[in-house]
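Descriptive analysis of the structure
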Amino acid sequence: QVQLVESGGGLVQTGGSLGLSCAASGRISSINVMGWYRQAPGKQRELVATLARGGSPDYADSVKGRFTITRDNTKNTVYLQMNSVKPEYTAVYYCNLKAMAPFVNYWGQGTQVTVSS
């Protein structure tokens, strides 16, 4: 079993910055993709950014140039640096880990990010 623990959410003003982190623990496949998704009230959960182990980041168009995803494989931790944030980024942000062998999808408990206008 794998556990994901997120931290770093909170309130930030428009144009400000905020960082999220997610630490994975347990039996983690070496072949995996870690990333972030978000869900705003009344909307479906959507991809924000993902980064495969040894791969290149993938971003939603809405956050390209503003968000940066990185990971530290020695700590099984993924980070999301959010810059120049907008009110529409307000959502619960969920950490995700996709293990590839075998395929299992894990989710964190979510952390609230609120951008004030």
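Scroll up to find the structure this text is about.
Scope of this entry: the structure provided in the associated data block.

Definitions and cut-offs
Residues numbered from 1 in each chain as written. Predicted model: local features only at pLDDT ≥ 70, side-chain atom pairs only at ≥ 80, totals over all residues. Heavy atoms only, no water. Salt bridge = Lys/Arg side-chain N within 4 Å of Asp/Glu carboxyl O. Buried < 20%, exposed > 50% of the residue type's maximum accessible area, 1.4 Å probe, protein only. Phe/Tyr/Trp six-rings, centres within 6.5 Å; stacked < 30°, edge-to-face > 60°. Helix = DSSP H or I, 4+ residues; strand = E, 2+ residues; numbered from the N terminus. Lys NZ or Arg CZ within 6 Å of the ring centre and 35° of its normal. Pairing = 2+ DSSP bridges. Axes fitted to C-alpha atoms, helices over the stretch in contact; angles between N-to-C directions. Core = buried A, V, L, I, M, F, W, Y, C linked by side-chain atoms within 4.5 Å. Contact = heavy atoms within 4.5 Å.

Here we come to the pattern of salt bridges. Think of it this way: side chains of opposite charge can pair up when their charged atoms draw near. In total, this model carries two salt bridges according to the counting rule given. Note that Glu-46 and Arg-38 form a salt bridge whose closest N and O atoms lie 2.7 Å from each other. Arg-38 sits in the buried class, given a relative accessible area of 5%. Between Lys-64 and Asp-61 there is a salt bridge, with its nearest N and O atoms 3.1 Å apart. A relative accessible area of 48% places Lys-64 in the partly exposed class. We classify Asp-61 as exposed; its relative accessible area is 65%.

Glancing now at the packing of aromatic side chains. Each aromatic ring pair is summarised here by two numbers: the centre-to-centre distance and the angle between the ring planes. Applying the stated criterion to the full structure yields three aromatic pairs. When the centroid spacing of 6.4 Å and the interplanar angle of 90° are considered together, the rings of Tyr-94 and Trp-107 count as edge-to-face. In this pair, Tyr-94 sits in strand β9 (residues 91–100) while Trp-107 sits in strand β10 (residues 103–107), placing the two residues 13 residues apart along the sequence. With relative accessibility at 35%, the residue Trp-107 sits in the partly exposed group. By the ring-pair criterion, three or more aromatic residues cluster together here, those being Tyr-37, Tyr-94 and Trp-107. A cation over a ring is seen here: Arg-45 above Tyr-94, with NZ or CZ 3.7 Å from the ring centre. Seen from the ring of Trp-107, Arg-45 lies directly overhead, with NZ or CZ sitting 4.5 Å from the centre.

In this model, Asn-76 sits at a positive phi of 50°, which is unusual for a non-glycine residue. Residue position: Asn-76 is located in the loop between β7 (67–72) and β8 (77–82). Look at Ser-84: it is not a glycine, yet its phi comes out positive at around 50°. As for its placement among the helices and strands, Ser-84 is situated in the loop between β8 and β9.

Another point: the sheet that holds strand β1 (residues 2–7). Where strands meet in a sheet, backbone hydrogen bonds hold them as pairs that are either parallel or antiparallel. Taking strand neighbours across the sheet as the criterion, the four strands line up as β1-β3-β8-β7 in an open arrangement whose pairing is antiparallel. Strands with a single pairing partner mark the edges of an open sheet, and in this sheet they are β1 and β7. Put simply, the sheet's adjacent strands are angled 15° from each other on average, direction ignored. Here six bridges tie β1 to strand β3 (residues 18–26), and the two strands are oriented antiparallel to one another. Note on β3: the bridge partner recorded for Val-2 is Gly-26.

Among the nonpolar cores identified, the biggest contains 31 residues, and Trp-36, Phe-67, Leu-80, Met-82 and Tyr-93 are the most heavily contacted of them. Among the elements of the structure, β1, β3, β4 (32–39), β5 (46–52), β7, β8, β9 and β11 (111–116) are those that each provide at least two residues to this core. Top contributing element to this core by residue count: β9, with five residues. The contacts of Leu-80, once residues within four sequence positions are left out, are Leu-18, Gly-19, Leu-20, Trp-36, Val-48, Ala-49, Phe-67, Thr-68, Ile-69 and Tyr-93.

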